[in-house]
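Chain and residue survey
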Amino acid sequence: MPARFQLVARTANPSFLDLPWDVPLEEWDSDRIVEVVRGISRHVVRFVNYDGTLYALKELARRPAVREYRLLRQLADESVPVVPVVGVVTERALEDGEELDAILITRHLQYSLPYRVLFTGRGVPDLRNRLLDALVELLVRLHLAGFFWGDCSLSNTLFLRDAGGLSAHLVDAETGELRPRLSDGQRLHDISIAEENVIGELLDVEASDVGLPPDLDPEEIGSELVQRYEWLWTEVTRDELFGLDESYRIDDRLRRLNELGYDVEELELVGGADGYRLRLEPHVVEPGHHRRRLLVLTGLDVQENQARRLLNDLCSFRAKLEQEEGMHLPDQVAGYRWLLEVYEPAVSAIPEDMRDKLQLAEVFHEILDHRWHLSEEAGFDVGLELAVISYVDNVLRLVPNERKLLAQPIES
């Protein structure tokens, strides 16, 4: 008899029909099971491999599983950085008819790093600031979308390298709520939970064999997380007052938001006897300014910090090209030529067996850094071609493959 279950799943994914749905997840014995480095979870979580793509299976009660599936879909539709949700399996039962919990299926986020990995192996420069920036950015993005997390923690977050920094993605939305808009009280409650959880998790790392870097004091990190969140939220959403003859400050404000990586769909100006009030509603402030601009100019879809770095290189290339050719280049032409003459030759020179070690945009960022260091030592610009050869031989060859961290789960 076939196993009893009901699967609701997004298309363009495996059927998962060969998995033993009539057995508790913890007891599965399948050739598809792989061990992946991951954080701590209150639920049973296992990973399966389908043709090189990994999927995470989390076993939990039916109602929260279905609810989390829907929440993750909604957040993804709002372009919020979350783990890609695939499906949910319900109506499971043992052969004797005893009911089993549901299973939520998500696709493993390639190149993602559980927070404990950040303290081991290939480190992240200036980890304190990078970690805080990533977590604060994620919280602000969630709150702009009207999402109350309810259990923000490092364990419920995955991190990706992002042009020398980090970007954060939500993994667990089980306790979350999506509303049209969050009140200040809800936001502050969420950040208070985050502060408490982060302090506790860092204290656990500090007490383990891994330990913490000297500049990572758990209590200080928790306090600074709140301060940075309040600064960014205020900077993105605050009202701004300016005089009748200071209309230029509208452009200044929008430019500052663009520099922070945000676009504004709509603004509200309220005029009065003393001047104007510029209002920005949270739901019309959209993250991803640099990412969208790079996508338009080159077709490359990368993370925000990577996009910012690539756009800077594109800008330098364009300025040099315009000087050499004595003519102004339209944006699209400059983007096409940079892609054809700079980016693609650099990433194409990476040997096939090393191309999956890091995201290609991250590799290109590291090549630019490597080129700068080589040029500083040589006293002249060594050029991109030589920088790629040196980077491959002296850096990338020694980098562990982060596309899939296959290993035993990290223990507390």
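Look above for the structure.
Rules used in this analysis
Residues numbered from 1 in each chain as written. Predicted model: local features only at pLDDT ≥ 70, side-chain atom pairs only at ≥ 80, totals over all residues. Heavy atoms only, no water. Buried < 20%, exposed > 50% of the residue type's maximum accessible area, 1.4 Å probe, protein only. Helix = DSSP H or I, 4+ residues; strand = E, 2+ residues; numbered from the N terminus. Pairing = 2+ DSSP bridges. Polar contact = N/O pair within 3.5 Å; in protein donor to acceptor, adjacent residues only side chain to side chain. Contact = heavy atoms within 4.5 Å. 1 Å grid on protein atoms, 1.4 Å probe; cavity = no way out; pocket = protein on both sides within 12 Å on 5 of 7 lines; lining within 4 Å. Points joined across faces, edges and corners; volume = space filled by probe spheres on them. Nonpolar A, V, L, I, M, F, W, Y, C, P; charged D, E, K, R; others polar. Phe/Tyr/Trp six-rings, centres within 6.5 Å; stacked < 30°, edge-to-face > 60°. Lys NZ or Arg CZ within 6 Å of the ring centre and 35° of its normal. Expected span 1.5 Å × (residues − 1). Axes fitted to C-alpha atoms, helices over the stretch in contact; angles between N-to-C directions. Parallel < 35°, antiparallel > 145°, perpendicular 65-115°, else oblique. Patch = residues over 30% accessible without salt bridge, like charges linked within 9 Å, V, L, I, M, F, W, Y side chains within 5 Å. Areas by Shrake-Rupley, 256 points an atom, 1.4 Å probe, with all protein chains shown as cover. Salt bridge = Lys/Arg side-chain N within 4 Å of Asp/Glu carboxyl O.

A few words now on the pairing of strand S4 (residues 53-60). Extensive coverage of S4 is indicated by the burial of seven of its eight residues. Two elements, strand S3 (residues 44-50) and S4, share seven bridges in a ladder whose sense is antiparallel. By the bridge assignment, Phe47 is partnered in S4 with Ala56. Count of turn residues in the S3/S4 antiparallel hairpin: two residues, of which Asp51 carries a positive phi of about 50 degrees. Here six bridges tie S4 to strand S6 (residues 102-107), and the two strands are oriented antiparallel to one another. Looking across to S6, one finds that Leu60 is bridged to Ala102.

So, about the side chain of Arg253. By secondary structure assignment, the location of Arg253 is in helix H5 (residues 248-260). Owing to a relative accessible area of 0%, Arg253 belongs among the buried residues under this scheme. Among the polar contacts made by the side chain of Arg253, one reaches the main-chain carbonyl oxygen of Val236 at a distance of 3.5 Å. Excluding residues within four positions of it along the chain, Arg253 makes contact with Thr234, Glu235, Val236, Thr237, Arg238, Glu240, Leu278 and Leu280.

The tally for this structure, following the rule as stated, stands at three cavities of 30 Å³ or more. If you add up the space inside the largest cavity, you get close to 440 Å³. In terms of lining residues, the largest cavity is bounded by 30 residues, among which Arg38, Val45, Phe47, Ala56 and Val171 are the most central. Residue assignment for the lining of the largest cavity shows that the elements contributing at least two residues are S3, S4, helix H1 (62-77), S6 and strand S9 (157-162). Of the residues contributing to the lining of the largest cavity, the split by class is 17 nonpolar, eight polar and five charged. For the second largest cavity, the calculated volume is near 40 Å³. Partitioning the lining of the second largest cavity into residue classes produces two nonpolar, one polar and three charged.

Throughout the structure, instances matching the rule amount to ten aromatic pairs. Here Tyr229 and Trp233 contribute two aromatic rings whose centre-to-centre distance is 6.3 Å and whose plane-to-plane angle is 15 degrees, an arrangement assigned as stacked. Here Tyr229 and its partner Trp233 are both found in helix H4 (residues 218-237), four residues apart, which amounts to about one turn of the helix. According to the relative accessible area criterion, Tyr229 is buried, its value standing at 1%. Overall, Trp233 belongs to the buried group, its relative accessible area being 9%. What links up through ring pairs into an aromatic cluster is the set Phe5, Trp21 and Trp28. The side chain of Arg32 reaches across the aromatic face of Tyr50, ending 3.8 Å from its centre.

For H1, spanning 16 residues, the distance from its first C-alpha to its last is 23 Å, which sits close to the expected 22 Å at 1.5 Å a residue. Those residues of H1 that sit buried are Ala65, Val66, Glu68, Tyr69, Leu71, Leu72 and Leu75. In the stretch just after H1, Ser79 is the one whose phi turns positive, near 65 degrees.

It is at 8 Å that the axes of helix H6 (residues 289-298) and helix H8 (residues 331-348) come closest, and there the two elements cross at 80 degrees. The angle between the axes of H6 and H8 places the two elements in the roughly perpendicular class. Residues Arg293, Val296, Leu297 and Thr298 of H6 pack against Asp331, Gln332, Gly335, Tyr336, Trp338 and Leu339 of H8.

Taken together, Leu244, Leu267, Leu269 and Tyr276 make up a surface patch of nonpolar side chains, about 340 Å² in accessible area. Looking at the secondary structure, you find Leu267 in the loop between strand S13 (262-264) and strand S14 (268-272). Under the relative-accessibility criterion, Leu267 is labelled partly exposed at 34%.

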